[in-house]
Amino acid sequence: MIEFQNVSKQYGDGFKAVDSLDLEIKRGEFIALIGPSGCGKTTTLKMVNRLIEPTTGTILINGKNAESYEISRLRWNIGYVLQQIALFPHMSVEENIEVVPEMKRMEKRKVKQRTHELMEQVGLDPAVFAKRKPSELSGGQQQRVGVVRALAADPEILLMDEPFSALDPLAREKLQDDLLRLKGTFGKTTMFVTHDMNEALKLADRICLMREGKVVQTGTPDELRRNPAGAFVREFIGREQGSMHALLDLRQWVSAAPAAVPQTQAVVPAEVQADRLVSAMADHEWVAVEDGGTLIGLIDRATAFRLLAANGRGIGHHE
Ligand code: ADP
Ligand code: MG
(Lines give C-alpha, C1' and ligand atoms only; values in the text may rest on other atoms or scores of the structure.)
(Ligands and ions follow the chains in the order given, each with its own letter.)
Protein backbone atom coordinates (compact mmCIF):
# COMPACT_ATOMS: atom_id res chain seq x y z
CA MET A 1 0.00 0.00 0.00
CA ILE A 2 2.80 2.43 0.96
CA GLU A 3 6.33 1.62 0.00
CA PHE A 4 9.46 3.67 0.66
CA GLN A 5 12.27 2.72 -1.67
CA ASN A 6 15.63 4.08 -0.62
CA VAL A 7 14.07 7.41 0.32
CA SER A 8 16.22 10.26 1.62
CA LYS A 9 15.37 13.83 2.54
CA GLN A 10 18.08 16.39 2.76
CA TYR A 11 17.07 19.85 3.91
CA GLY A 12 18.47 23.01 2.38
CA ASP A 13 21.24 23.23 4.94
CA GLY A 14 22.48 19.80 3.82
CA PHE A 15 21.17 17.96 6.86
CA LYS A 16 19.90 14.45 6.11
CA ALA A 17 16.67 14.16 8.08
CA VAL A 18 15.76 10.83 6.47
CA ASP A 19 18.52 8.59 5.21
CA SER A 20 17.97 5.72 2.76
CA LEU A 21 14.63 4.62 4.16
CA ASP A 22 13.21 1.30 3.00
CA LEU A 23 9.85 0.46 4.47
CA GLU A 24 6.74 -1.29 3.25
CA ILE A 25 3.37 -0.86 4.87
CA LYS A 26 0.71 -3.35 3.89
CA ARG A 27 -2.92 -2.56 3.26
CA GLY A 28 -4.79 -2.32 6.53
CA GLU A 29 -1.64 -2.36 8.58
CA PHE A 30 -1.11 -0.04 11.55
CA ILE A 31 2.54 0.90 11.87
CA ALA A 32 4.00 3.10 14.60
CA LEU A 33 7.06 5.22 13.86
CA ILE A 34 8.96 5.85 17.01
CA GLY A 35 12.32 7.34 17.91
CA PRO A 36 13.99 10.29 19.62
CA SER A 37 13.05 13.82 18.75
CA GLY A 38 14.57 14.90 15.45
CA CYS A 39 15.09 11.36 14.08
CA GLY A 40 12.95 12.07 11.01
CA LYS A 41 9.50 10.74 11.88
CA THR A 42 7.53 13.82 10.84
CA THR A 43 9.58 14.21 7.68
CA THR A 44 8.84 10.59 6.80
CA LEU A 45 5.12 11.10 7.31
CA LYS A 46 4.96 14.34 5.34
CA MET A 47 6.59 12.72 2.36
CA VAL A 48 3.58 10.42 2.05
CA ASN A 49 1.09 13.24 1.55
CA ARG A 50 3.73 15.30 -0.22
CA LEU A 51 3.90 18.17 2.21
CA ILE A 52 7.59 17.39 1.77
CA GLU A 53 9.15 15.90 -1.36
CA PRO A 54 11.98 13.38 -1.02
CA THR A 55 15.40 14.42 -2.25
CA THR A 56 16.07 10.95 -3.65
CA GLY A 57 14.24 7.65 -3.75
CA THR A 58 10.67 6.68 -4.51
CA ILE A 59 7.48 6.39 -2.53
CA LEU A 60 4.87 4.11 -4.02
CA ILE A 61 1.24 4.42 -3.00
CA ASN A 62 -0.94 1.63 -4.29
CA GLY A 63 1.95 0.64 -6.49
CA LYS A 64 2.11 4.06 -8.14
CA ASN A 65 4.75 6.73 -7.63
CA ALA A 66 3.35 9.35 -5.22
CA GLU A 67 4.72 12.05 -7.56
CA SER A 68 2.39 10.92 -10.33
CA TYR A 69 -0.77 11.63 -8.35
CA GLU A 70 -2.52 14.93 -8.58
CA ILE A 71 -1.72 16.41 -5.20
CA SER A 72 -5.24 17.32 -4.04
CA ARG A 73 -6.58 13.89 -4.98
CA LEU A 74 -3.72 12.26 -3.18
CA ARG A 75 -4.48 14.27 -0.04
CA TRP A 76 -8.20 13.52 -0.16
CA ASN A 77 -7.27 9.89 0.05
CA ILE A 78 -5.04 10.45 3.07
CA GLY A 79 -6.40 11.46 6.47
CA TYR A 80 -3.96 13.54 8.51
CA VAL A 81 -4.08 14.12 12.25
CA LEU A 82 -1.60 16.36 14.03
CA GLN A 83 -0.66 16.96 17.64
CA GLN A 84 -2.43 20.31 17.64
CA ILE A 85 -5.35 19.84 15.35
CA ALA A 86 -6.21 23.07 13.55
CA LEU A 87 -9.98 23.37 13.33
CA PHE A 88 -11.63 26.29 11.57
CA PRO A 89 -12.66 28.49 14.52
CA HIS A 90 -15.73 30.04 12.91
CA MET A 91 -17.16 26.70 11.79
CA SER A 92 -19.11 24.19 13.88
CA VAL A 93 -17.70 20.75 14.69
CA GLU A 94 -19.91 19.21 12.05
CA GLU A 95 -18.88 21.71 9.39
CA ASN A 96 -15.24 21.16 10.21
CA ILE A 97 -15.66 17.44 9.72
CA GLU A 98 -17.53 17.77 6.45
CA VAL A 99 -15.01 19.95 4.63
CA VAL A 100 -13.20 17.20 2.75
CA PRO A 101 -16.26 15.05 1.99
CA GLU A 102 -17.85 18.15 0.46
CA MET A 103 -14.83 18.83 -1.67
CA LYS A 104 -15.03 15.25 -2.81
CA ARG A 105 -18.70 15.90 -3.65
CA MET A 106 -19.88 13.00 -1.59
CA GLU A 107 -23.61 12.76 -1.10
CA LYS A 108 -24.75 15.18 1.64
CA ARG A 109 -27.08 12.82 3.46
CA LYS A 110 -24.48 10.07 3.56
CA VAL A 111 -21.84 12.48 4.77
CA LYS A 112 -24.06 13.65 7.63
CA GLN A 113 -24.81 10.07 8.61
CA ARG A 114 -21.16 9.09 8.56
CA THR A 115 -20.14 12.19 10.50
CA HIS A 116 -22.60 11.38 13.25
CA GLU A 117 -21.63 7.71 13.33
CA LEU A 118 -17.97 8.57 13.63
CA MET A 119 -18.64 11.14 16.33
CA GLU A 120 -20.47 8.51 18.33
CA GLN A 121 -17.58 6.12 17.91
CA VAL A 122 -15.18 8.55 19.55
CA GLY A 123 -17.59 9.43 22.33
CA LEU A 124 -18.84 12.77 20.99
CA ASP A 125 -22.63 12.73 21.12
CA PRO A 126 -23.69 14.49 17.88
CA ALA A 127 -26.79 15.91 19.59
CA VAL A 128 -24.48 17.72 22.00
CA PHE A 129 -21.40 18.49 19.94
CA ALA A 130 -22.32 18.77 16.24
CA LYS A 131 -23.22 22.47 16.40
CA ARG A 132 -20.55 23.56 18.87
CA LYS A 133 -17.62 25.73 17.93
CA PRO A 134 -14.07 24.39 18.41
CA SER A 135 -13.42 26.95 21.17
CA GLU A 136 -16.15 25.29 23.24
CA LEU A 137 -14.30 21.97 23.27
CA SER A 138 -11.57 20.61 25.52
CA GLY A 139 -8.22 19.64 24.04
CA GLY A 140 -9.21 15.97 24.08
CA GLN A 141 -12.53 16.68 22.36
CA GLN A 142 -10.77 18.73 19.67
CA GLN A 143 -8.41 15.85 18.99
CA ARG A 144 -11.44 13.57 18.69
CA VAL A 145 -12.88 15.91 16.09
CA GLY A 146 -9.51 15.76 14.33
CA VAL A 147 -9.67 11.97 14.20
CA VAL A 148 -13.24 12.04 12.91
CA ARG A 149 -12.37 14.67 10.32
CA ALA A 150 -9.48 12.56 9.07
CA LEU A 151 -11.79 9.56 8.64
CA ALA A 152 -14.82 11.41 7.31
CA ALA A 153 -13.93 11.25 3.64
CA ASP A 154 -13.17 7.53 4.01
CA PRO A 155 -9.52 7.78 2.98
CA GLU A 156 -7.45 4.67 2.38
CA ILE A 157 -4.55 5.97 4.42
CA LEU A 158 -4.36 7.61 7.80
CA LEU A 159 -1.31 9.61 8.92
CA MET A 160 -1.15 10.54 12.58
CA ASP A 161 1.68 12.66 13.95
CA GLU A 162 1.79 12.46 17.76
CA PRO A 163 -1.97 12.97 17.79
CA PHE A 164 -2.39 12.42 21.52
CA SER A 165 0.87 13.68 22.96
CA ALA A 166 -0.49 17.05 24.10
CA LEU A 167 -3.26 15.40 26.12
CA ASP A 168 -3.31 14.49 29.79
CA PRO A 169 -2.77 10.77 30.49
CA LEU A 170 -6.44 10.00 31.06
CA ALA A 171 -7.70 11.67 27.87
CA ARG A 172 -4.84 10.11 25.98
CA GLU A 173 -5.71 6.64 27.16
CA LYS A 174 -9.36 7.09 26.22
CA LEU A 175 -8.44 8.22 22.73
CA GLN A 176 -6.06 5.30 22.35
CA ASP A 177 -8.92 2.95 23.24
CA ASP A 178 -11.19 4.68 20.74
CA LEU A 179 -8.54 4.42 18.08
CA LEU A 180 -8.10 0.72 18.80
CA ARG A 181 -11.83 0.25 18.30
CA LEU A 182 -11.85 2.32 15.10
CA LYS A 183 -8.91 0.27 13.90
CA GLY A 184 -10.96 -2.88 14.37
CA THR A 185 -13.91 -1.38 12.48
CA PHE A 186 -12.20 0.38 9.60
CA GLY A 187 -8.77 -1.22 9.32
CA LYS A 188 -7.21 1.82 7.64
CA THR A 189 -3.61 1.66 6.54
CA THR A 190 -2.13 3.83 9.28
CA MET A 191 1.23 5.45 9.98
CA PHE A 192 1.25 6.66 13.54
CA VAL A 193 4.11 8.75 14.92
CA THR A 194 4.71 8.68 18.64
CA HIS A 195 7.55 9.02 21.10
CA ASP A 196 5.69 6.92 23.64
CA MET A 197 6.67 3.27 23.53
CA ASN A 198 3.65 2.20 25.58
CA GLU A 199 1.40 3.83 23.02
CA ALA A 200 3.22 2.12 20.15
CA LEU A 201 3.10 -1.26 21.85
CA LYS A 202 -0.59 -0.84 22.59
CA LEU A 203 -1.75 0.29 19.16
CA ALA A 204 0.58 -0.93 16.47
CA ASP A 205 0.70 -4.10 14.42
CA ARG A 206 4.28 -3.23 13.67
CA ILE A 207 6.75 -0.77 15.11
CA CYS A 208 9.48 0.98 13.18
CA LEU A 209 12.14 2.40 15.46
CA MET A 210 14.19 5.21 13.91
CA ARG A 211 17.37 6.99 14.86
CA GLU A 212 19.11 9.81 13.00
CA GLY A 213 17.06 9.33 9.87
CA LYS A 214 17.60 5.60 9.65
CA VAL A 215 15.52 2.58 10.59
CA VAL A 216 17.05 0.75 13.53
CA GLN A 217 14.53 -2.06 13.69
CA THR A 218 11.10 -2.90 12.35
CA GLY A 219 8.99 -5.64 13.84
CA THR A 220 5.87 -6.56 15.73
CA PRO A 221 5.71 -5.38 19.34
CA ASP A 222 6.50 -8.92 20.40
CA GLU A 223 9.50 -9.20 18.10
CA LEU A 224 10.93 -5.96 19.45
CA ARG A 225 10.42 -7.11 23.01
CA ARG A 226 11.93 -10.54 22.40
CA ASN A 227 14.71 -9.73 19.98
CA PRO A 228 15.70 -6.11 20.35
CA ALA A 229 18.41 -5.36 17.78
CA GLY A 230 20.91 -3.92 20.20
CA ALA A 231 21.12 -1.62 23.17
CA PHE A 232 19.31 1.30 21.58
CA VAL A 233 16.16 -0.74 20.97
CA ARG A 234 16.37 -2.36 24.38
CA GLU A 235 16.68 1.02 26.02
CA PHE A 236 13.70 2.31 24.10
CA ILE A 237 11.60 -0.69 25.01
CA GLY A 238 12.78 -0.17 28.58
CA ARG A 239 10.83 3.07 28.63
CA GLU A 240 7.81 0.92 29.03
CA GLN A 241 8.15 2.09 32.60
CA GLY A 242 6.21 0.55 35.39
CA SER A 243 4.90 -2.20 33.20
CA MET A 244 4.80 -5.76 34.33
CA HIS A 245 5.42 -6.68 30.69
CA ALA A 246 8.84 -5.06 30.77
CA LEU A 247 11.46 -7.45 29.49
CA LEU A 248 14.30 -8.17 31.91
CA ASP A 249 17.68 -9.57 30.96
CA LEU A 250 18.81 -12.04 33.59
CA ARG A 251 22.21 -12.90 32.07
CA GLN A 252 24.22 -10.52 34.25
CA TRP A 253 22.41 -11.59 37.37
CA VAL A 254 22.65 -15.38 37.49
CA SER A 255 24.85 -17.23 39.96
CA ALA A 256 26.57 -20.59 39.38
CA ALA A 257 24.87 -22.92 36.94
CA PRO A 258 23.03 -25.80 38.58
CA ALA A 259 24.24 -29.32 37.78
CA ALA A 260 20.66 -30.41 37.38
CA VAL A 261 17.31 -28.82 37.95
CA PRO A 262 14.66 -30.83 39.74
CA GLN A 263 11.52 -31.14 37.64
CA THR A 264 9.48 -29.28 40.19
CA GLN A 265 11.70 -26.20 40.04
CA ALA A 266 10.81 -23.25 37.87
CA VAL A 267 12.84 -22.47 34.78
CA VAL A 268 12.61 -19.05 33.17
CA PRO A 269 14.19 -17.73 29.98
CA ALA A 270 17.19 -15.36 30.21
CA GLU A 271 14.96 -12.62 28.80
CA VAL A 272 11.82 -12.75 30.81
CA GLN A 273 8.87 -10.47 31.37
CA ALA A 274 8.80 -8.94 34.84
CA ASP A 275 5.42 -10.44 35.72
CA ARG A 276 6.60 -13.94 34.87
CA LEU A 277 9.68 -13.59 37.04
CA VAL A 278 7.61 -12.23 39.91
CA SER A 279 5.12 -15.09 39.79
CA ALA A 280 7.91 -17.67 39.55
CA MET A 281 9.61 -16.09 42.57
CA ALA A 282 6.37 -16.16 44.53
CA ASP A 283 6.41 -19.96 44.53
CA HIS A 284 10.14 -20.64 44.60
CA GLU A 285 13.17 -19.53 46.60
CA TRP A 286 15.15 -19.68 43.37
CA VAL A 287 14.55 -20.28 39.69
CA ALA A 288 16.81 -21.69 37.02
CA VAL A 289 17.57 -19.54 34.00
CA GLU A 290 17.93 -20.99 30.56
CA ASP A 291 19.31 -19.32 27.47
CA GLY A 292 18.85 -20.98 24.09
CA GLY A 293 18.09 -24.36 25.67
CA THR A 294 21.04 -24.29 28.08
CA LEU A 295 20.77 -23.67 31.80
CA ILE A 296 23.04 -20.73 32.56
CA GLY A 297 22.49 -20.30 36.29
CA LEU A 298 20.20 -19.52 39.16
CA ILE A 299 18.38 -16.48 40.40
CA ASP A 300 17.39 -16.41 44.05
CA ARG A 301 14.54 -14.36 45.40
CA ALA A 302 16.68 -11.58 46.86
CA THR A 303 18.54 -11.14 43.57
CA ALA A 304 15.27 -11.07 41.65
CA PHE A 305 14.01 -8.24 43.83
CA ARG A 306 17.25 -6.32 43.45
CA LEU A 307 16.97 -6.73 39.69
CA LEU A 308 13.38 -5.53 39.61
CA ALA A 309 14.27 -2.56 41.77
CA ALA A 310 17.30 -1.71 39.65
CA ASN A 311 15.10 -1.61 36.60
CA GLY A 312 12.76 0.73 38.38
CA ARG A 313 9.71 -1.17 37.33
CA GLY A 314 7.47 -3.96 38.33
CA ILE A 315 7.32 -3.53 42.07
CA GLY A 316 4.19 -1.94 43.41
CA HIS A 317 3.07 -0.75 40.00
CA HIS A 318 0.64 -3.25 38.58
CA GLU A 319 -1.37 -2.59 35.47
P1 ADP B 1 10.90 14.13 14.35
O2 ADP B 1 9.50 14.26 13.84
O3 ADP B 1 11.37 12.70 14.46
O4 ADP B 1 11.12 14.85 15.64
P5 ADP B 1 11.62 15.72 12.02
O6 ADP B 1 11.30 14.88 10.84
O7 ADP B 1 10.66 16.80 12.36
O8 ADP B 1 11.89 14.78 13.28
O9 ADP B 1 13.04 16.38 11.81
C10 ADP B 1 14.18 15.64 11.49
C11 ADP B 1 15.39 16.55 11.46
O12 ADP B 1 15.29 17.44 10.37
C13 ADP B 1 15.55 17.42 12.69
O14 ADP B 1 16.90 17.49 13.02
C15 ADP B 1 15.01 18.76 12.27
O16 ADP B 1 15.66 19.79 12.96
C17 ADP B 1 15.37 18.78 10.79
N18 ADP B 1 14.39 19.57 10.03
C19 ADP B 1 13.05 19.40 10.01
N20 ADP B 1 12.46 20.28 9.19
C21 ADP B 1 13.46 21.03 8.67
C22 ADP B 1 13.50 22.12 7.73
N23 ADP B 1 12.40 22.59 7.16
N24 ADP B 1 14.72 22.63 7.44
C25 ADP B 1 15.85 22.14 7.99
N26 ADP B 1 15.88 21.12 8.87
C27 ADP B 1 14.71 20.57 9.21
MG1 MG C 1 7.86 15.21 14.69
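Thresholds applied
Residues numbered from 1 in each chain as written. Chains lettered and ligands numbered in written order. Predicted model: local features only at pLDDT ≥ 70, side-chain atom pairs only at ≥ 80, totals over all residues. Heavy atoms only, no water. Phe/Tyr/Trp six-rings, centres within 6.5 Å; stacked < 30°, edge-to-face > 60°. Lys NZ or Arg CZ within 6 Å of the ring centre and 35° of its normal. Helix = DSSP H or I, 4+ residues; strand = E, 2+ residues; numbered from the N terminus. Buried < 20%, exposed > 50% of the residue type's maximum accessible area, 1.4 Å probe, protein only. Contact = heavy atoms within 4.5 Å. Arc of directions from axis to C-beta. Core = buried A, V, L, I, M, F, W, Y, C linked by side-chain atoms within 4.5 Å. Domains from an automatic or database assignment. Axes fitted to C-alpha atoms, helices over the stretch in contact; angles between N-to-C directions. Parallel < 35°, antiparallel > 145°, perpendicular 65-115°, else oblique. Left-handed = near helix turned anticlockwise from the far one by under 90°. Nonpolar A, V, L, I, M, F, W, Y, C, P; charged D, E, K, R; others polar. UniProt positions renumbered as here; feature names shortened; annotations may be inferred. Near = heavy atom within 4 Å. Polar contact = N/O pair within 3.5 Å; in protein donor to acceptor, adjacent residues only side chain to side chain. Areas by Shrake-Rupley, 256 points an atom, 1.4 Å probe, with all protein chains shown as cover.

What follows deals with the packing of aromatic side chains. Inspection of every chain in the model, using the stated rule, returns three aromatic pairs. For Lys64, the ring lying beneath its charged end belongs to Tyr69, and the centroid distance is 4.5 Å. Seen from the ring of Phe232, Arg211 lies directly overhead, with NZ or CZ sitting 4.3 Å from the centre.

This paragraph deals with the environment of Asp178. With respect to the secondary-structure elements, Asp178 resides in helix H7 (residues 169-186). On the basis of relative accessible area, Asp178 is assigned to the buried category, the value being 7%. As a C-alpha pair, Asp178 and Gly12 span 166 residues in sequence and 39 Å in three-dimensional space. With residues near it in sequence (within four places) discarded, Asp178 still touches Gln121, Val122 and Arg144.

Next up on the list: the environment of Gly146. Topologically, Gly146 is positioned in helix H6 (residues 139-152). On the basis of relative accessibility, which here comes to 0%, the residue Gly146 falls in the buried class. Placed 50 residues apart in sequence, Gly146 and Asn96 show a C-alpha to C-alpha distance of 8.9 Å.

This brings us to helix H12 (residues 301-310). Side chains three or four residues apart in an α-helix point the same way, a direct result of the helix having 3.6 residues per turn. Taken together, the buried positions of H12 are Thr303, Ala304, Leu307 and Leu308. One face of H12 carries all of its buried residues, which in axial projection span an arc of 135°. Residues Arg306 and Ala310 are exposed on H12 and point more than 90 degrees away from its buried face. Looking at the packing, one finds that the buried side of H12 touches strand E11 (247-249), helix H11 (274-283) and strand E15 (294-300).

The next point concerns the environment of Ala270. Tracing the backbone shows Ala270 in the loop between strand E12 (267-269) and strand E13 (271-273). For Ala270, a relative accessible area of 2% translates into the label buried. Sequence separation between Ala270 and Thr294 is 24 residues; the distance between their C-alpha atoms is 10.0 Å. Not counting chain neighbours up to four residues away, the residues in contact with Ala270 comprise Leu248, Asp249, Leu250, Arg251, Val289, Glu290, Asp291 and Ile296.

Here is a general trend for soluble globular proteins: nonpolar side chains tend to be buried in one another's company. Formed by 41 residues in total, the largest nonpolar core has its most connected members in Met197 and Ile207. The element that contributes the greatest number of residues to this core is H6, accounting for six residues. When near neighbours in sequence (up to four residues on either side) are disregarded, Met197 contacts Ile34, Ile207, Leu224, Phe236 and Ile237. If you look at the next biggest cluster of nonpolar residues, it comprises 26 residues, including Met47, Ile52, Ile59 and Met191.

With that settled, consider the domain arrangement of the protein. As a measure of interface size, the accessible area lost when the parts come together is often cited. The assigned domain composition of the protein is domain 1 (2-241) and domain 2 (247-312). With centres defined by C-alpha atoms, the gap from domain 1 to domain 2 works out at 40 Å.

As a packed pair, helix H3 (residues 93-103) and H6 sit with axes 7 Å apart at the nearest point and diverge in direction by 30°. By the angle between their axes, H3 is roughly parallel relative to H6. Every pair of crossing elements has a handedness; the one defined by H3 and H6 is right-handed. Contacts from Val93, Asn96, Ile97 and Pro101 of H3 reach H6 at Val145, Val148, Arg149 and Ala152. In the contact of H3 with H6, the residues fall into six nonpolar, one polar and one charged.

The subject of this paragraph is the UniProt feature "domain: ABC transporter" (unreviewed entry) in the protein. If you check UniProt for "domain: ABC transporter" (unreviewed entry), the listed places come out as residues 2-237 in our numbering. From the first C-alpha to the last, residues 2-237 spans 26 Å; its make-up is 40% helix and 25% strand.

Around ligand 1 sit Tyr11, Phe15, Ala17, Pro36, Ser37, Gly38, Cys39, Gly40, Lys41, Thr42 and Thr43, and that is every residue in its neighbourhood. Here an oxygen atom of ligand 1 and a backbone polar atom of Gly38 are 2.7 Å apart. In the environment of ligand 1, an oxygen atom lies 3.2 Å from a nitrogen or oxygen atom belonging to the backbone of Cys39. Here ligand 1 loses 61% of its free accessible area of 560 Å² to cover by the protein chains. Among the elements that take part in the shell around ligand 1, helix H1 (residues 41-48) stands out by supplying three residues, more than any other. Counted by class, the shell around ligand 1 contains five nonpolar, five polar and one charged residues.

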